[in-house]
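Coordinate analysis (summary)
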Amino acid sequence: MMGELAVDKHVKYIISVEKKKDSFESVVMEHLRMNGAYWGLTTLDLLGKLDAVDNGEIISWVMKCQDDSGGFAGNIGHDPHILYTLSAVQVLALFDKLDILDIDKVSNYIAGLQNEDGSFSGDMWGEVDTRFSYIAICCLSILKQLDKINVDKAVNYIVRCKNLDGGFGCTPGGESHAGQIFCCVGALAITGALHHVDKDLLGWWLCERQVKSGGLNGRPEKLPDVCYSWWVLSSLIMIDRVHWINKDKLVKFILDCQDMENGGISDRPDDAVDVFHTYFGVAGLSLLEYPGVKAIDPAYALPVDVVNKIIFGK
């Protein structure tokens, strides 16, 4: 069976996760169910199986997670956060239902989280992280409301988080990490500011993330993890250096992390699967142009056909 993506098993697994409300996995994920919905539904769309779910039910649940502030929470009755707000917008984009949003309300919530130095807080409690810069820029771009923030200041803050190794951290002086690099490069790509990236230096750092098994890690000396198939690969594609890694070995590593009996993909071979790694594994295969998987946009983390419809009206 090696070398094949178990599409039907993965579809079954994702749908079963949504139905098992009392399992351990569901209980620990309860506060971030909105992210789980985005990971699971985007995976289904990439596999051409989005019609396997009841979109009316999902859209109604998403809207119940919206707070009076305009932001969305990870689940009904929880506090709003920029992270869940992007996932909610992405889920509605998958179903072509952005028109049900009060776009001003959502975009004002996000714009209100920009700080004087151009950075973004995640919510009213004020934690700052370049993840939130990416989320704000990505979300406002999808909603066509980027003019509500100071884009120049946002870009300058991200550039201040650049390190001597070409990578980016979560705040100025923070260690380079593949997840943060994706956020910073993605935000710069969406704002047309990729000229701030030293592409050869960053490309070298990212390619060094590939280990003997073919998998990618997030920082030097760490174990490989399927999720970096997305963070590292999408960054390499945005800076046009993806040909510097061994794609075949990475495909094999991702496929080796599948549960061939029950579906789902794990962080490493033989570990327990979860919806997070299932999404990043399939998204990685999409970037690697694996047959039968729809193309995903490396900056927006949504299927290319969805992005084309929203951004270009195609």
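Residues numbered from 1 in each chain as written. Predicted model: local features only at pLDDT ≥ 70, side-chain atom pairs only at ≥ 80, totals over all residues. Heavy atoms only, no water.

By the naming in an unreviewed UniProt entry, the protein goes by Geranylgeranyl transferase type-2 subunit beta and is assigned to Melia azedarach.

It is at 11 Å that the axes of helix α9 (residues 178-190) and helix α10 (residues 199-207) come closest, and there the two elements cross at 145°. Here α9 runs over α10; the crossing is left-handed. On α10, the residues touching Ala 178, Ile 181 and Val 185 of α9 are Leu 202, Trp 205 and Leu 206. Split into classes, the residues belonging to the contact of α9 with α10 amount to six nonpolar, no polar and no charged. (Axes fitted to C-alpha atoms, helices over the stretch in contact; angles between N-to-C directions. Helix = DSSP H or I, 4+ residues; strand = E, 2+ residues; numbered from the N terminus. Left-handed = near helix turned anticlockwise from the far one by under 90°. Contact = heavy atoms within 4.5 Å. Nonpolar A, V, L, I, M, F, W, Y, C, P; charged D, E, K, R; others polar.)

This paragraph deals with the side chain of Asp 297. Position of Asp 297 among the secondary structure elements: in the loop between α13 (275-287) and α14 (304-312). You can call Asp 297 buried: its relative accessible area is 17%. A distance of 2.9 Å separates the side chain of Asp 297 from the backbone nitrogen of Ala 299, its partner in a polar contact. With sequence-adjacent residues up to four places away left out, Asp 297 is seen in contact with Trp 230, Leu 302, Pro 303, Val 304 and Val 307. (Buried < 20%, exposed > 50% of the residue type's maximum accessible area, 1.4 Å probe, protein only. Polar contact = N/O pair within 3.5 Å; in protein donor to acceptor, adjacent residues only side chain to side chain.)

On inspection of all chains with the given rule, the structure shows eight aromatic pairs. Members of the aromatic cluster, each reached through a chain of ring pairs, are Tyr 38, Trp 39, Tyr 134, Phe 182, Trp 230, Trp 231, Phe 276, Tyr 279 and Phe 280. Above the ring of Trp 205, the side-chain terminus of Arg 209 is found at 4.5 Å from the ring centroid. (Phe/Tyr/Trp six-rings, centres within 6.5 Å; stacked < 30°, edge-to-face > 60°. Lys NZ or Arg CZ within 6 Å of the ring centre and 35° of its normal.)

On to unusual backbone geometry. The phi angle at Asp 96 is positive, at roughly 55°, despite the residue not being glycine. Relative to the helices and strands, Asp 96 resides in the loop between α5 (82-94) and α6 (103-111). Using a relative accessible area of 51% as the deciding quantity, one classes Asp 96 as exposed. Although it is not a glycine, Glu 221 adopts a positive phi angle of roughly 70°. You can see Glu 221 is positioned in the loop between α10 and α11 (228-238).

This next bit is on α11. Counting buried positions along α11 gives 10 out of 11 residues, so the element sits mostly inside the fold. Listed as buried for α11 are Tyr 228, Ser 229, Trp 230, Trp 231, Val 232, Leu 233, Ser 234, Ser 235, Leu 236 and Met 238. At its buried positions, α11 is contacted by α9, α10, α12 (247-256) and α13.

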